[in-house]
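Letter by letter, the chains look like this.
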Amino acid sequence: MKLLISGGTVVNASGPVAADVLVEGEIIVGLCARGSAYSAEWAQGADRVIDATGQLVIPGGIDGHTHMEMPFGGTQSVDTFETGTRAAAFGGTTTIIDFAIQSIGTSLRESLDKWHAKADGNCAIDYGFHMAMSDVNKQTLSEMDLLVEEGVTSFKLFMAYPGVFYSNDGQILQAMQQAAKNGSTIMMHAENGIAIDVLVAQALERGEGDPRYHGLTRPAILEAEATHRAIQLARVAGAPLYIVHLSATEALQEVAVARDRGQSVFAETCPQYIFLSEEDTAREGFEGAKYVCSPPLRPRSYQPELWRGLRTDDLSVVSTDHCPFCFKDQKQLGLGNFSKIPNGLPGVEDRVSLIYQGVEQGEIALARWVDVVSTTPARMFGLFPKKGVIAPSADADVVIFDPNASRAISVDTDHMNVDYSAYEGLEVKGKVTTVLSRGAVVIEGDEYVGKAGDGRFLARGLNGYLR
Ligand code: URP
Ligand code: ZN
Ligand code: ZN
């Protein structure tokens, strides 16, 4: 099957170019200047031609941070691998990397197998796994090497959530030392969970149970402190470090200092920290619970610094940390006690469009948009050059995006399996019109035309930014 995408502007991280894209089977086999002799020849030989005139043709989005079917806070995130990956496809994301979660007392092997069983045969798009480690010990440290061989090449550790996922500094150092040996990347949830738990208990004792106290008991300075500590531990271990869901300018400053001295430190932020703020967590009544996530939403005044970080590469990636809980019955578990509100926001469907607003607003260049939502995550997580680029021999994961369309984000039109949108009513420029996953059209206009199980597990290589 030969498919030609003609008339569009192909945008890679290297920049835009007017070009046609030829796909054969699952692979991109050619790229040629629009109007060249090849254009006409390819059109004649194609089984199908998609007219992308006036549209952008970009490599499929790669969301390096999702939580489908994740048990958390006494409940479970509501998107399954089936619903979550379908919603991702609607939003122009063709690969997710989800977190297999090790719970205390279990091995990495059994935890990873559990997540394989959840995803296998259910995904609309390709997927990989990071391993979230909650129990760093002699056995699990040596298991890390086996996982790396199986293509799970990154490990998340938590300085937050004591008693659940938390690792102490000694455990973190040992995992980093292991990563330095086996070439994997340590990802860090950098918040000082021990200090936060004290502040939470004190707030609850004072009768401060509303959602906004979730944010007030997780101050930016405790994110910056943990970020600083993680960076120093990685320095001692000689290991690369990737800070997940960075929200605070104070933490960004720590990352910038480390990068300036040449340390292999990388960071992602998420759309919620750029488009939402502490004012949302402080909404009337219990409405703020919809916006409870960790780290928490920060003051609106932080947002220009996050855009600056994305522009200058202090922030390398935008992921979603998609971890959806319904307002009804799930977020409501924390009525009167914010510490019982399950932490997390939906967003896997919104990321590509939301970050495009940075192009419209003059915050980032078109090529940088593609870089932070696709190309850099592909390199960072060992998927490049199969993913993250429109080039011959890459997988034909292609998104056609109409920059002239506009729409309002709404739960009524979203496809995530959750009863609210964190961005309800937000007007956005641009719209995903067609999505190809390994050569197969999976989204056509507003229709999903793929099927569960089309997506394959991706055994990933090592971080492409390291020697
Ligand atoms: O609030 C959040 N971030 N929920 C998901 C779990 C995590 O820490 O990434
Ligand atoms: Zn986290
Ligand atoms: Zn997360």
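Just so you know, these numbers come straight off a predicted model, no measurement behind them.

## Focus: the overall build of the chain
Looking only at helices and strands, one finds 14 helices and 20 strands in the chain. Over its C-alpha trace the chain gives a radius of gyration of 21 Å, about what one expects of a compact globule, namely 23 Å for 467 residues. On the principal axes, the C-alpha backbone points of the chain span a range of 70 × 50 × 40 Å. Among the 467 residues that make up the chain, the fraction classed as buried is 61%. When the 39 positive and 59 negative side-chain charges of the chain are each reduced to one mean point, those points stand 4 Å apart.

## Some details on helix H9 (residues 249–260)
Across its 12 residues, H9 extends 16 Å between first and last C-alpha, which sits within 8% of the 16 Å expected from 1.5 Å per residue. Every buried residue belonging to H9 is among Thr-249, Ala-251, Leu-252, Val-255, Ala-256 and Ala-258, and all of these are buried.

## A short note on the coordination of the zinc ion (ligand 3)
Coordination of the zinc ion (ligand 3) by the protein involves His-65 (NE2), His-67 (NE2) and Asp-321 (OD), with metal-donor separations of 2.0 to 2.1 Å. Considering all four donor atoms around the zinc ion (ligand 3), the spread of angles at the metal, 89 to 134°, places the coordination shape in the tetrahedral class. Expressed as a motif, the donor residue spacing for the zinc ion (ligand 3) is H-x1-H-x253-D. Between the zinc ion (ligand 3) and the zinc ion (ligand 2) the interatomic distance amounts to 4.0 Å.

## Section: the coordination of the zinc ion (ligand 2)
The protein atoms that coordinate the zinc ion (ligand 2) are Lys-156 (NZ), His-189 (ND1) and His-245 (NE2), at distances of 2.1 to 2.2 Å. Mapping the donors of the zinc ion (ligand 2) onto the primary sequence gives the spacing K-x32-H-x55-H.

## Looking at the site of ligand 1
For ligand 1, the set of nearby residues contains 14 residues, the closest of which are Lys-156, Tyr-161, His-189, Ser-294 and Asp-321. Between Asn-343 and ligand 1, the recorded distance is 3.1 Å, taken from a backbone N or O atom to a nitrogen atom. Within the backbone of Gly-344, an N or O atom sits 3.4 Å from an oxygen atom of ligand 1. Alone, ligand 1 offers 270 Å² of accessible surface; in the complex the protein occludes 100% of this. Partitioning the shell around ligand 1 into residue classes produces five nonpolar, seven polar and two charged.

## Quick look at the domain arrangement of the chain
When cut into domains, the chain gives domain 1 (2–58 + 390–448) and domain 2 (61–380). Domain 1 and domain 2 are separated by 28 Å when their C-alpha centres are compared. Contact with domain 1, which involves 40 residues of that partner, is made by 47 residues of domain 2. Together, Met-416, Tyr-420 and Tyr-423 form the three largest contributors to the area buried by domain 1 at its contact with domain 2, with a combined 21%. Run the count over domain 1 and domain 2 and you get two salt bridges. The partner of Lys-429 in a salt bridge is Glu-360, and the shortest N-O contact between them spans 3.8 Å. Viewed at the interface, domain 2 and domain 1 are joined by 11 residue pairs in polar contact (both at pLDDT 80 or more).

## With respect to the pairing of strand S15 (residues 265–269)
Across the five residues of S15, five count as buried, placing the element largely inside the fold. Burial along S15 is two-sided: Val-265, Ala-267 and Thr-269 facing one way and Phe-266 and Glu-268 facing the other are all buried. Sheet analysis places strand S14 (residues 241–243) next to S15, joined by three bridges and oriented parallel. In the sheet register, Leu-241 faces S15, and the bridge partner there is Val-265. You can see the chain leave S14, run along H9 and come back into S15, and the turn it takes is right-handed. By the bridge criterion, two bridges tie S15 to strand S16 (residues 317–318) in an arrangement that is parallel. Each residue of the ladder has a partner; that of Thr-269, found in S16, is Val-318.

## As for the nonpolar core
Most often, soluble globular proteins have nonpolar side chains that are buried together. Core analysis: the biggest nonpolar cluster contains 130 residues, and Met-176, Ile-186, Met-188, Leu-241, Ile-355 and Trp-369 have the highest contact counts within it. Per-element accounting of this core gives the leading share, eight residues, to helix H8 (residues 220–237). The residue makeup of this core includes at least three contributed by each of domain 1 (2–58 + 390–448) and domain 2 (61–380). Beyond its immediate sequence surroundings of up to four residues, Ile-186 is in contact with Met-144, Phe-155, Leu-157, Ala-175, Met-176, Ala-179, Pro-240, Leu-241 and Tyr-242. With 18 residues, the next largest nonpolar core counts Ala-19, Val-389, Ala-394 and Val-441 among its residues.

## A few points about the side chain of Ser-167
Within the secondary structure, Ser-167 sits in the loop between strand S12 (154–158) and helix H5 (169–182). The class for Ser-167 is buried, based on a relative accessible area of 1%.

## Focus: the packing of helix H13 (residues 351–360) against helix H14 (residues 366–380)
H14 packs onto H13 with a crossing angle of 150° between their chain directions and a minimal axis gap of 9 Å. It follows from the interaxial angle that H13 and H14 lie roughly antiparallel. Taken as a pair, H13 and H14 cross one another with a handedness that is right-handed. Counted together, Arg-351, Val-352, Ile-355, Tyr-356 and Val-359 of H13 and Leu-366, Trp-369, Val-372 and Val-373 of H14 form the full contact between these two elements. Of the residues belonging to the contact of H13 with H14, the class tally is eight nonpolar, no polar and one charged.

## Quick notes on the packing of aromatic side chains
Under the definition given, this model contains 18 aromatic pairs. Taking the centre distance of 5.8 Å and the plane angle of 45° together, the rings of Tyr-38 and Trp-42 count as tilted. Note that Tyr-38 and Trp-42 are positioned in helix H1 (residues 37–45) at a spacing of four residues, about one turn of the helix. In this structure Trp-42 comes out as buried when scored by relative accessible area, which is 16%. Between Phe-286 and Phe-327, the aromatic rings sit 5.9 Å apart at their centres with planes inclined by 40°, giving tilted as the arrangement. One end of the pair, Phe-286, is in the loop between helix H11 (278–281) and helix H12 (303–312); the other, Phe-327, is in the loop between S16 and H13, and 41 residues separate them in sequence. Accessibility expressed as a relative area gives 14% for Phe-286, which makes it buried. With relative accessibility at 18%, the residue Phe-327 sits in the buried group. Lying across the ring of Phe-99, Lys-156 places its NZ or CZ 5.3 Å from the centre. Note that Lys-290 overlies the ring of Phe-327, its terminal NZ or CZ placed 5.2 Å from the centroid.

How each quantity is defined
- Residues numbered from 1 in each chain as written.
- Chains lettered and ligands numbered in written order.
- Predicted model: local features only at pLDDT ≥ 70, side-chain atom pairs only at ≥ 80, totals over all residues.
- Heavy atoms only, no water.
- Helix = DSSP H or I, 4+ residues; strand = E, 2+ residues; numbered from the N terminus.
- Rg over C-alpha atoms; globule rule 2.2 N^0.38 Å.
- Buried < 20%, exposed > 50% of the residue type's maximum accessible area, 1.4 Å probe, protein only.
- Lys, Arg positive; Asp, Glu negative; His and termini not counted.
- Charge placed at Lys NZ, Arg CZ, Asp CG, Glu CD.
- Expected span 1.5 Å × (residues − 1).
- Donors = N, O, S within 2.8 Å, 3.2 Å for Na, K, Ca; no water.
- Tetrahedral: all angles 85-135°; square planar, octahedral: opposite > 155°, others 65-115°.
- Near = heavy atom within 4 Å.
- Polar contact = N/O pair within 3.5 Å; in protein donor to acceptor, adjacent residues only side chain to side chain.
- Areas by Shrake-Rupley, 256 points an atom, 1.4 Å probe, with all protein chains shown as cover.
- Nonpolar A, V, L, I, M, F, W, Y, C, P; charged D, E, K, R; others polar.
- Domains from an automatic or database assignment.
- Contact = heavy atoms within 4.5 Å.
- Buried area = accessible area lost by both parts, 1.4 Å probe.
- Salt bridge = Lys/Arg side-chain N within 4 Å of Asp/Glu carboxyl O.
- Pairing = 2+ DSSP bridges.
- Right-handed = clockwise from strand over helix to strand, strands pointing away.
- Core = buried A, V, L, I, M, F, W, Y, C linked by side-chain atoms within 4.5 Å.
- Axes fitted to C-alpha atoms, helices over the stretch in contact; angles between N-to-C directions.
- Parallel < 35°, antiparallel > 145°, perpendicular 65-115°, else oblique.
- Left-handed = near helix turned anticlockwise from the far one by under 90°.
- Phe/Tyr/Trp six-rings, centres within 6.5 Å; stacked < 30°, edge-to-face > 60°.
- Lys NZ or Arg CZ within 6 Å of the ring centre and 35° of its normal.

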